[in-house]
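Below, each chain spelled out in residue letters.
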Amino acid sequence: MLAVGTRPIASAELRAVTPGASAKTQCVVVDPVDVARHHASQPSTTRKQRRGTDADEAPAPTAAATVDDAEVMERWRSFLRAGNDPTQELIIGTGGLAEGDVRRLRSWVESLAQPPHSLTAERIWSVYERAGVTVSDPRRPRTPKGPVDLLALVRYEAGSEPRPRPYRDQVFDRLDAWIDHQERQGRSFDSDQVWWMEHIADGMAADGHFAAASLDAVPFTLRGGTSGFLRAFREQGAVRLLDELRSVLA
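Residue positions are given per chain, counting from 1 as you read along its sequence in written order. The model is predicted, so local features are restricted to residues of pLDDT at least 70 and side-chain atom pairs to those at 80 or more, both for listing and for counting; the totals for chains, interfaces and linings are taken over all residues. Side-chain measures were taken over the full set of non-hydrogen atoms in the model, leaving aside hydrogen atoms and water.

**Some thoughts on the nonpolar core**
As a reminder of what qualifies: Remark: nonpolar core denotes a set of buried residues (Ala, Val, Leu, Ile, Met, Phe, Trp, Tyr, Cys) joined through side-chain atoms within 4.5 Å. Relative accessible area decides the class of each residue, using a 1.4 Å probe on protein chains only: under 20% of the type maximum gives buried, over 50% gives exposed, and in between gives partly exposed. A run of H or I in DSSP counts as a helix once it spans at least four residues, and a run of E counts as a strand once it spans at least two, with each numbered from the N terminus. In this description, contact between two residues means that some pair of their heavy atoms is separated by no more than 4.5 Å.
In terms of nonpolar packing, the biggest core is built from 48 residues, with Trp-76, Trp-108, Ile-124, Leu-150, Phe-229 and Phe-233 touching the most fellow members. With seven residues, the single largest contributor to this core is helix H9 (residues 191–207). For Phe-233, the contacting residues outside a window of four places in its chain are Phe-189, Gln-193, Trp-196, Met-197, Ala-238 and Leu-241.

**Digging into the packing of aromatic side chains**
Our working rule: Two aromatic rings, drawn from Phe, Tyr or Trp (for Trp, its six-membered ring), form a pair once their centres lie within 6.5 Å of each other, and the interplanar angle then sorts them: stacked below 30 degrees, edge-to-face above 60, tilted otherwise.
Evaluated as defined, the whole model comprises ten aromatic pairs. Summarising the aromatic geometry, the rings of Tyr-128 and Tyr-156 are spaced 5.9 Å apart at their centres and angled 90° between planes, so their arrangement reads as edge-to-face. With a gap of 28 residues between them, Tyr-128 in helix H6 (residues 121–130) and Tyr-156 in helix H7 (residues 147–157) connect regions that are remote in the sequence. By relative accessible area, Tyr-128 is classed as buried at 2%. Note on Trp-196 and Phe-220: the rings are 5.7 Å apart at their centroids and 15° apart in plane angle, and the pair reads as stacked.

**Regarding helix H11 (residues 238–249)**
Here is the rule: Helix span is expected to be 1.5 Å times the residue number reduced by one. Of all possible arcs, the one meant is that of the directions from the helix axis to the C-beta atoms.
The first and last C-alpha atoms of H11 sit 16 Å apart over twelve residues, in line with the 16 Å expected at 1.5 Å per residue. Three or more residues of H11 are buried, namely Ala-238, Leu-241, Leu-242, Leu-245 and Leu-249. For H11, the angular spread of buried residues about the axis comes to 100°, placing them on one side. Exposed side of H11, more than 90 degrees from the buried face: Val-239, Arg-240 and Ser-247 are the residues found there. Taken together, the buried residues of H11 touch helix H8 (167–184), H9 and helix H10 (225–232).

**Looking at the side chain of Gln-182**
For Gln-182, the position within the fold is in helix H8. Ignoring anything within four residues of it in the chain, the contact list for Gln-182 reads Arg-187, Phe-189 and Glu-244.

**Brief notes about unusual backbone geometry**
In this structure, the amide linkage connecting Pro-115 to the following residue, Pro-116, adopts the cis form with an omega of 10°. Mapped onto the elements of the fold, Pro-116 is located in the loop between helix H5 (99–112) and H6. For the bond from Val-218 to Pro-219, the omega torsion is 10°, close enough to zero to count as cis. Even without glycine at this site, Ser-118 takes up a positive phi of about 50°.

**A look at the confidence of the model for the protein**
Selection rule: Residue-level confidence of the predictor is summarised by pLDDT, bounded by 0 at the bottom and 100 at the top.
With 68% of its residues at a pLDDT of at least 70, the protein reaches an overall mean of 78. Predicted confidence in the protein is weakest over helix H2 (residues 11–17), with a mean pLDDT of 47, and strongest over H6, with 96. Counting contacts from residues 34–66, a segment whose pLDDT is below 50, to residues more than four positions away or on other chains yields 17 contacts.

**Description of H5**
Here H5 is 14 residues long and its end C-alpha atoms lie 20 Å apart, about the 20 Å a rise of 1.5 Å per residue gives. Restricting attention to buried positions, one finds in H5 the residues Asp-101, Val-102, Leu-105, Trp-108, Val-109 and Leu-112. For H5, the arc enclosing every buried residue in end-on projection is 120°, short of the 170-degree limit, so these residues lie on one face. H5 presents Arg-103 and Glu-110 as exposed residues on the side facing more than 90 degrees away from its buried surface.

**Re the pattern of salt bridges**
Under the convention used in this document: Whenever Lys or Arg places a side-chain nitrogen within 4 Å of a carboxyl oxygen from Asp or Glu, that contact is recorded as a salt bridge.
Overall, the coordinates contain 19 salt bridges when judged by the stated rule. Measuring nitrogen to oxygen at the nearest pair gives 3.4 Å for the salt bridge that ties Asp-207 to Arg-106. Here Asp-207, found in helix H9, pairs with Arg-106, found in helix H5; they are 101 residues apart in sequence, far enough to count as distant. Ionic pairing is found between Asp-180 and Arg-184, a salt bridge with its closest N-O pair at 3.0 Å.

**Structural notes on the environment of Val-135**
By secondary structure assignment, the location of Val-135 is in the loop between H6 and H7. As for Val-135 and Arg-165, which are separated by 30 residues in sequence, their C-alpha atoms are 5.1 Å apart. Residues contacting Val-135, with those up to four places away along its chain left out, are Arg-163, Pro-164, Arg-165, Pro-166 and Asp-169.

**A few points about the environment of Pro-147**
Relative to the helices and strands, Pro-147 is located in helix H7. The spatial distance from the C-alpha of Pro-147 to the C-alpha of Arg-104 is 9.5 Å, given a sequence separation of 43 residues. Residues contacting Pro-147, with those up to four places away along its chain left out, are Leu-105, Arg-106, Val-109 and Ala-121.

Given below as structure tokens:
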């Protein structure tokens, strides 16, 4: 798999089978049975010798990635120049997103994924990330970016957001600050309650909005769904707490 994945291909050949691609810069190997650990001592495969060419003459992957990043940025900015911004209310808004706002953002991102732009939020965010524009919390795992993250990049291009941060980082920062404030006020939470709050924050971070109906979906069903949530917060007013969390995390 590694040999096939790292095999060079001419740009013209690549475009013939993958319209819109400019150069092969990486490959992804799915390893469900942990085969790769047996190759841990092998040399890096990020730079391979091309047939009939000295390896020192082959272009470094970073150079190809730079060209590809430039093309992504051009497609992205041309998409915005064509008047494809989200609604102005979403760009300048400082409050939370309603369910309708999230639907509009998803529809907007779906249009971006269509030709001739053919871009995803993850691919665009990665370009800004490599350029050092975005700021991520090193304590938190990196997760795929979505419509709400892309909204932060629109605000950056408009000059209203100097250093875009992943939406997930922002949500969990708010959760940590809220729990800390509650504890200083004498309100404590057990490990089960913290589990519910963290997974609600996770749902908010993924979708930009958390609906009460989500409590009857995975992973909440693992702990009883809505009934489990009501039991966990029986002494603190579960419905009131959910409303408060949704307001605080947005």
